[in-house]
Amino acid sequence: MMVKQQAEKGMTNEGVAVQVCGLIKTYPSTYTLGCSCVCCCCCLKVKRTAPYHAVKGLWLNLAKGQLFCLLGPNGAGKTTTISCLTGITPITGGDALVYGHSVASSVGMAKIRRLIGVCPQFDILWDALTGQEHLELFANIKGLPPSEIKSVAAKSLSEGKLKTATNVRVGNYSGGMKRHLSVAIALIGDPRLVFLDEPTTGMDPITRRHVWDIIEDAKKGRAIVLTTHSMEEADILGDRIAIMAKGKLRCIGTSIHLKSRFGAGYVCNINFSTTNGEPQTEPVKFFFYNHLDLKPTEESKTFLTFIIPHNKEPLLARFFAELQEREYEFGISDIQMGLTTLEEVFLNIAKQAELESSSAAQENLVVLHLTSGTSIQVSMGVRFVGIPGTESAEHPKGLMVEVFWKTDDAGTLCISHHSPEAPIPPNVELIKNESLIGDMPVGFTIDPNQILNANGR
Ligand SMILES: Nc1ncnc2c1ncn2[C@@H]1O[C@H](COP(=O)(O)OP(=O)(O)OP(=O)(O)O)[C@@H](O)[C@H]1O
Ligand SMILES: [Mg+2]
């Protein structure tokens, strides 16, 4: 909310490297060959998928000198967000300012490219070139002075497994070594903003720790955006962590903040000593049940684990004072308390997002109230829509409007406004959706490329 208000008031903050303002990305529909029966090749049809709304309006500030860690289940929209911020894919709506330059303009993007380093999710390397040649090539592209290129490249390769593989062709590198080289490439030329999309995937624990050190060192003086599926990595490296699911940012904060706000509570581990006979787990279980109404989530002969919800906090001081007094009687050797894990927060958030999307049965349809007075339903995020029932001798394909989208405060995509009705160009093909849902007609989706080509845009 704060980010949105700041952006709307045009406020800029010196400490901010990237200001993401309602970023939207919708992938256009694609064609697939499909058949509705199992037996034949007589009814093969070209089917067009609906446009895919991958990022549904992100509002976010990324600070200089900090590592921002973006987590999320597969398909959440992390790579798409990075692709939008690095100009790999054009944005559909909203904007993002990287050190004040807009990703929506080609001039801004040209300036942004000079400031950033990218380690893409999938390595883009040439098998025939060596590690040294890769780094020299990228140092050249980044515009480093020719006299420095050899020494900068050699320095990046002077540590870890890459040291011995400097002059080995990348085709012979292992998966982990390729990722390591991609990280080194992202950092070459001292970029002010670095994107690392799952940089440590496939690395062994030693290499991973080594790369963590490199990333930790690289934080100074620049902003880093990192995505990962390792909660440990996020916990260790992330100054701020956000979890994204189904194209929306679900939560953001420090690791401790997320655990205390979105976790189930505290984890309490009780270990029993075995020196004075059988451990007394049953009386301790009864003690927890009696005072806190809790059963163990895990148990063995020598330890018990309880998850204590936040709402029990007022009872905990007295409870643990009494438990400690009776430690000897119960045969307890030690009691450990901690916040629940980031993994648990992640699972909670992902589950909540799934529930939300399954309960929105018709989430893809939104009502569009036309200025002519009629209302139709349109697919979420669609740009050009044909209006059913407007076909005439003058306009055989009927009329259409261009729909402009924005996000509401909850990050849900909604219609901002639409263009005046205009004739659909004769050569444009319409995607006929289900014609009526409820008693409201459903607009025809039109491939934006066809309209833009027809209008010479
Ligand atoms: N070029 C594309 N055309 C259509 N849909 C796409 C395209 N690229 C990505 N998508 C879809 O957008 C959604 C988000 O994909 P994205 O790659 O951003 O996810 P991610 O969060 O990076 O996932 P992962 O953790 O698996 O890398 C997915 O549902 C994906 O299928
Ligand atoms: Mg990805």
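Procedures and definitions
Along every chain, residues carry numbers that run from 1 in the direction the sequence is written. All chains are assigned letters beginning at A, and all ligands numbers beginning at 1, according to the order in which they are written. Restriction of local features to residues with pLDDT of at least 70 applies here, the model being predicted, together with a cutoff of 80 or more for giving and counting side-chain atom pairs; totals for whole chains, interfaces and linings are based on all residues. Numbering of helices and strands starts at the N terminus; helices are DSSP runs of H or I of at least 4 residues and strands are runs of E of at least 2. Counts of 20 or more other C-beta atoms within 10 Å of a residue's own C-beta define buried residues, counts of 12 or fewer define exposed ones, and intermediate counts define partly exposed ones; C-beta atoms are placed from the backbone. For every residue pair, C-beta atoms are placed from the backbone, and the pair is scored as a contact if these atoms sit within 7 Å. The criterion for a residue being near a molecule or strand is a backbone-placed C-beta atom within 6 Å of that molecule or strand. Following DSSP output, two strands are said to pair if at least two bridges run between them. Helix axes are fitted only over the stretch in contact, all axes being lines through C-alpha atoms; the angle between N-to-C directions runs from 0 to 180 degrees. For this classification, under 35 degrees means roughly parallel, over 145 means roughly antiparallel, 65 to 115 means roughly perpendicular, and everything else is oblique. Crossing handedness is defined as follows: a turn of the near helix away from the far one that is anticlockwise and smaller than a right angle gives a left-handed crossing, while the clockwise case is right-handed. Just so you know the grouping, Ala, Val, Leu, Ile, Met, Phe, Trp, Tyr, Cys and Pro go in nonpolar, Asp, Glu, Lys and Arg go in charged, and all remaining residues, Gly too, go in polar. A set of buried Ala, Val, Leu, Ile, Met, Phe, Trp, Tyr and Cys residues, joined through C-beta atoms within 7 Å, is what we mean by a nonpolar core.

Student: Hey, could you run me through the overall build of the protein chain in this one?
Tutor: A tally of regular secondary structure across the protein chain gives 14 helices and 26 strands. Counting across all 457 residues of the protein chain, residues that qualify as buried make up 35%. Partitioning the contacts of the protein chain with sequence separation of at least 6, the portion at a separation of at least 24 is 66%.

Student: What is the right way to look at the site of ligand 1 in this model?
Tutor: In the neighbourhood of ligand 1, the contacting residues comprise Tyr27, Tyr52, Ala54, Gly72, Asn74, Gly75, Ala76, Gly77, Lys78, Thr79, Thr80 and Gln121. Secondary-structure elements contributing two or more residues to the shell around ligand 1 are β4 (52-63) and α2 (78-85). The dominant element in the shell around ligand 1, judged by the number of residues it contributes, is α2, at three residues.

Student: Just to check I follow, could you spell out the sheet that holds strand β11 (residues 240-245) for this structure?
Tutor: The pairing of strands in a sheet happens through backbone hydrogen bonds and is either parallel or antiparallel. Within the open sheet, the six strands sit side by side as β8-β9-β10-β5-β11-β12. Their pairing is mixed. Whereas interior strands pair on both sides, the edge strands pair on one side only; in this sheet they are β8 (116-119) and β12 (248-253). Across the sheet, the mean angle from the axis of one strand to that of its neighbour is 15°, orientation sign disregarded. Helix-sheet contacts for helix α6 (residues 175-187) involve β8 and β9 (193-197), and the interaxial angle to β8 is about 170°.

Student: Explain the sheet that holds strand β7 (residues 101-102) here, please?
Tutor: Taken in spatial order, the four strands make up an open sheet running β4-β1-β6-β7, and their pairing is antiparallel. Each edge of the open sheet carries a strand with a single partner, namely β4 and β7.

Student: I tried to follow the packing of helix α4 (residues 131-141) against α6 on my own but got confused; where do I start?
Tutor: Relative orientation and spacing of two packed helices are given, respectively, by the angle between their axes and the distance between those axes. The contact between α4 and α6 brings their axes to 9 Å, and the two run at 25°. The angle between α4 and α6 places the two elements in the roughly parallel class. Crossing geometry of α4 relative to α6 is assigned as right-handed. Touching Gly131, His134, Leu135 and Phe138 of α4 are Leu181, Ala184 and Ile185, all from α6. Residues belonging to the contact of α4 with α6 are distributed by class as follows: five nonpolar, two polar and no charged.

Student: Looking at this model, I keep getting lost on the pairing of strand β13 (residues 266-272). Mind explaining?
Tutor: Along any regular strand, the residues point their side chains to alternate faces of the sheet. In this sheet, strand β15 (residues 303-308) lies alongside β13 in antiparallel orientation, the contact comprising six bridges. Looking at β15, one finds that Asn269 is bridged to Thr305. Bridging between β13 and strand β16 (residues 332-339) involves seven bridges; their strand directions are antiparallel. The partner of Val267 across the bridge, within β16, is Gly338.

Student: Teacher, can you tell me more about the environment of Gly189 here?
Tutor: Looking at the element boundaries, Gly189 is found in the loop between α6 and β9. Take Gly189: there are 21 C-beta atoms within 10 Å of it, and that puts it in the buried class. Along the backbone, Gly189 and Ala153 are 36 residues apart, and their C-alpha atoms lie at a distance of 9.6 Å. Excluding its chain neighbours within four sequence positions, the residues that come into contact with Gly189 are Gly117, Ala139, Lys142 and Leu144.

Student: In this structure, what is going on with unusual backbone geometry? I would like to understand it.
Tutor: Only a minority of non-glycine residues have a phi that is not negative, and only a minority of peptide bonds are not trans. Residues other than glycine seldom take positive phi values, yet Lys246 does so here, at roughly 50°. Looking at Lys246, the number of C-beta atoms within 10 Å reads 19, which means it is partly exposed. Despite not being glycine, Asp293 shows a phi value in the positive range, around 60°.

Student: Whenever I open this one, the pairing of strand β1 (residues 16-27) confuses me. Can you help?
Tutor: Where burial is concerned, most of β1 is hidden: ten out of the twelve residues are buried. Where β1 meets β4, ten bridges bridge the pair, whose relative direction is antiparallel. For Tyr27, the partnering residue across the bridge sits in β4 and is Tyr52. With five bridges connecting them, β1 and strand β6 (residues 93-98) associate as antiparallel partners. By the bridge assignment, Cys21 is partnered in β6 with Asp95.

Student: Sorry if this is basic, but what is going on with the nonpolar core here?
Tutor: Generally speaking, soluble globular proteins have nonpolar side chains that are buried together. Val18, Ala96 and Val385 are the most contacted members of the largest nonpolar core, which has 88 residues in total. With seven residues, α6 is the largest single contributor of residues to this core. Beyond its immediate sequence surroundings of up to four residues, Val18 is in contact with Leu62, Leu85, Ala96, Leu97, Val98, Leu193 and Ala223. Counting residues in each nonpolar core, the second largest holds nine residues, with Phe272, Val284, Phe288 and Ile308 among its members.

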